[in-house]
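# A closer look at the structure
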Amino acid sequence: MAADTGSSSLQLPCVFSPKSRQYLALCAQDGRLRIWNTDSKTLHQEYVPSAHLSATCICIAWGPCRTVKDGPQRKKRKSEAGQAAEKADLLAMGTAAGSVLIYSTAKGALHCTLDGGHSGGVNCVQWHPEDSLLYSASDDTNIIEWDLQTGKARSKWKADRAAVTSLCVSPDGKLLLSAGLIIKMWDLDTKEVYRKFTGHSTAVTTLRFATTRPPDSNGLYFLSGAAHDRLLSVWQVREDGKDKNSVVSFTLTDEPLHVDLVASNSKEEAVRLAVVCKDGQLHLFEHFLNGPCKKPLSPSCTVQMSDTKDSPVPIPLLAAALGAGMQTVLLSYGNHLQPVMEKVEINTAERHVCLTRDVQTSLSLSIETAVSKVKTPVVNAKGRVLVPGLPGHQAPVKGSLQGSEKRKKDTDTKEMSIAERLREIDLSTVSTDKGALKGTASLQTDNFAVLLVQGLESSDTNILNKVFQTRKEIVIKKTVARLPIPAVLPLVEEITKRLQGHPFTAVLMVRWLKAVLMHHTSYLASLPDLVTQLGVLYHMIESRVKMFHKLTKLHGKLYLLMTQVATSDSSNTVTDVDHTAKLVYEEESSDDDEASGDEGLPGDNDDSDNWEEEEEEEEEPAAMAMAMEEDADENGPDRKTDSKANGEEDMERGNESEEE
């Protein structure tokens, strides 16, 4: 069974504080950070980030324990001076907006905000064990080293081609593990890659160092877990660099969500693991890391929880923390909003352990009074509270000073009852009292949303007609957007009624229907009886759409006929002929024209000679063309006789000219 409906998809962070395990920090579905006290099993603190809905918390990491001054205290004796206990104070939260929030449990407030470094969501945050440094990995493929004393980034480098999903700092603070699809080990002094490890096909979500030995002794081991992977792989950092494959793998029932381990300091000491999977089960492992192991290791003990009903339902485990002994485990189970914390002794000799609990009875929520920051406002007796959005509420109109003074006296002495107020409220009448200005209505009518709600509740056609007659798109959209949710369905029913009426009103109602569907479709889709509510509207729209297709066909045919009639009328109409000449050519009459036929007369002008020469030039090519055509039509012997005849005719013409 999935751990939780929210955690199965979002993997909500849930982390115990280091060393003492006094606190449990988790972020629930509402985006709030809650810190529970594991000793008293009560809610210790609650913090609501300013952007808890838009920039939700993705990861949580407790800082190293330190001595904290809780406030003004009495002077301690010399014997008590060295007994100052270290407490878990600072808590780092990575958000989806790319910022890192540092919360202080000692102050109960936000310590500082680290922003401006990442352009994507922060997937993992890790503290340096000694220095006041913090490392953050993001979707923008970068790792940033933050200095908490200055609140600024010390260094930033690109760690992978894809998003960096997990980080882990070595116990000595010299190495850093980062992973997306490829696991890289970085030297924190030079910020260079020390080793690379490949073997996961999905994004790595868990990285933990399993031993505290130096890397050059072949004794440094770390484990990794990936999304949708049912294995925890253990990697050995070898001195010769032959560490391409994992040496040990632990088998799980589902993807690991929460891992707690007790590191091994030597070869003779075993590594203890407590892994909470996505299905809500807890797996306990104990293994000596001395080189490779071919077989996957199964858990030494598996723990499940269920309720005490007749048909038991599994209770999801959220987190687990190992105690001093192998059998002592601190569990957190139930819901992220109201988790139950319990320290359990588990018999590890059994392979499978099922714990039955009644969550309702064991859940005790006693929130401390210091947590609640809700303050009741101090209201003056003379003050008036105006609630927006309710009919009849409006700011007092400033009239004459005398009238206002009289009103003040009346309100101080006697307050009007509800019945008297209802009598005075009338839409049709206009108050003409001395205190109020002339022409001002006793009820606010400039808000169409209020008028529309009033008209729908009272079924007043006059109010509805006044509202529905508006044609401005902006007014319609704003009015529909300001409507309360319970008034949406009555408005749709009223629109449906009016759509069935006159076409003029239907044209106006279509605009209102469009605005309702644009703003309130999500609400209408959530109604269980949506088909019955909107059935009439759907059938009416469907019938009109069918008729619209026929009307468009008829419109096209009529348009075609009208255009043909218009063109035939224009062709039949004959306009009157204009008898006026467009161009007039006049010939010049002179005596030279009469003598133009005589060639040898001395009195001819140069112009007339030129004109005769031009005519001769024009006649010569024409005569040549005619002769060529006649030659083409006649045969060979005919051509000779014709040429002779033509020669005789030419001779006769020459003699005639000589005789003349």
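Calculation rules
- Residues numbered from 1 in each chain as written.
- Predicted model: local features only at pLDDT ≥ 70, side-chain atom pairs only at ≥ 80, totals over all residues.
- Heavy atoms only, no water.
- Helix = DSSP H or I, 4+ residues; strand = E, 2+ residues; numbered from the N terminus.
- Buried < 20%, exposed > 50% of the residue type's maximum accessible area, 1.4 Å probe, protein only.
- Polar contact = N/O pair within 3.5 Å; in protein donor to acceptor, adjacent residues only side chain to side chain.
- Pairing = 2+ DSSP bridges.
- Axes fitted to C-alpha atoms, helices over the stretch in contact; angles between N-to-C directions.
- Salt bridge = Lys/Arg side-chain N within 4 Å of Asp/Glu carboxyl O.
- Phe/Tyr/Trp six-rings, centres within 6.5 Å; stacked < 30°, edge-to-face > 60°.

## Things to note about the environment of S40
Note that S40 resides in the loop between strand 3 (33-37) and strand 4 (42-47). Take S40: its relative accessible area is 40%, and that puts it in the partly exposed class. Spatially, the C-alpha atoms of S40 and Q22 are 9.3 Å apart, while their sequence positions differ by 18 residues. A polar atom in the side chain of S40 sits 2.7 Å from the side chain of T42.

## Some details on the sheet that holds strand 28 (residues 352-356)
Strand order in this open sheet of five strands is 21-22-23-24-28, and the pairing throughout is mixed. The open sheet terminates on both sides in strands that have one partner only, identified here as strand 21 (256-262) and strand 28. Recorded for the sheet is a direction-independent mean angle of 20 degrees between the axes of neighbouring strands.

## Regarding the pattern of salt bridges
Applying the stated rule across the entire model yields eight salt bridges. When the shortest N-O distance is used, the salt bridge between E145 and K191 registers 3.7 Å. Taken as a pair, E145 in strand 11 (residues 142-147) and K191 in the loop between strand 15 (183-187) and strand 16 (192-197) lie far apart in primary sequence, 46 residues in all. Judged by relative accessible area, which is 5%, E145 ranks as buried.

## Section: the packing of aromatic side chains
Applying the stated rule across the entire model yields nine aromatic pairs. Taken together, a centroid distance of 6.5 Å and an interplanar angle of 15 degrees make the contact between F222 and W235 stacked. In this pair, F222 sits in strand 18 (residues 220-226) while W235 sits in strand 19 (residues 231-237), placing the two residues 13 residues apart along the sequence. Residue F222 shares its accessibility class with W235, and that shared class is buried. What links up through ring pairs into an aromatic cluster is the set F197, F209, F222 and W235.

## Re the sheet that holds strand 4
Pairing in this open sheet of four strands is antiparallel, and the strands run 1-2-3-4 from one edge to the other. Across the chains shown, the open sheet's two edge strands, defined by having one partner strand only, are strand 1 (14-16) and strand 4. Each strand axis lies, on average, 20 degrees off the axis of its neighbour in the sheet, ignoring direction. Relative to strand 2 (residues 23-27), strand 1 runs antiparallel, the two being bridged by three bridges. Each bridged residue has a counterpart across the sheet, and for V15 the counterpart in strand 2 is A25.

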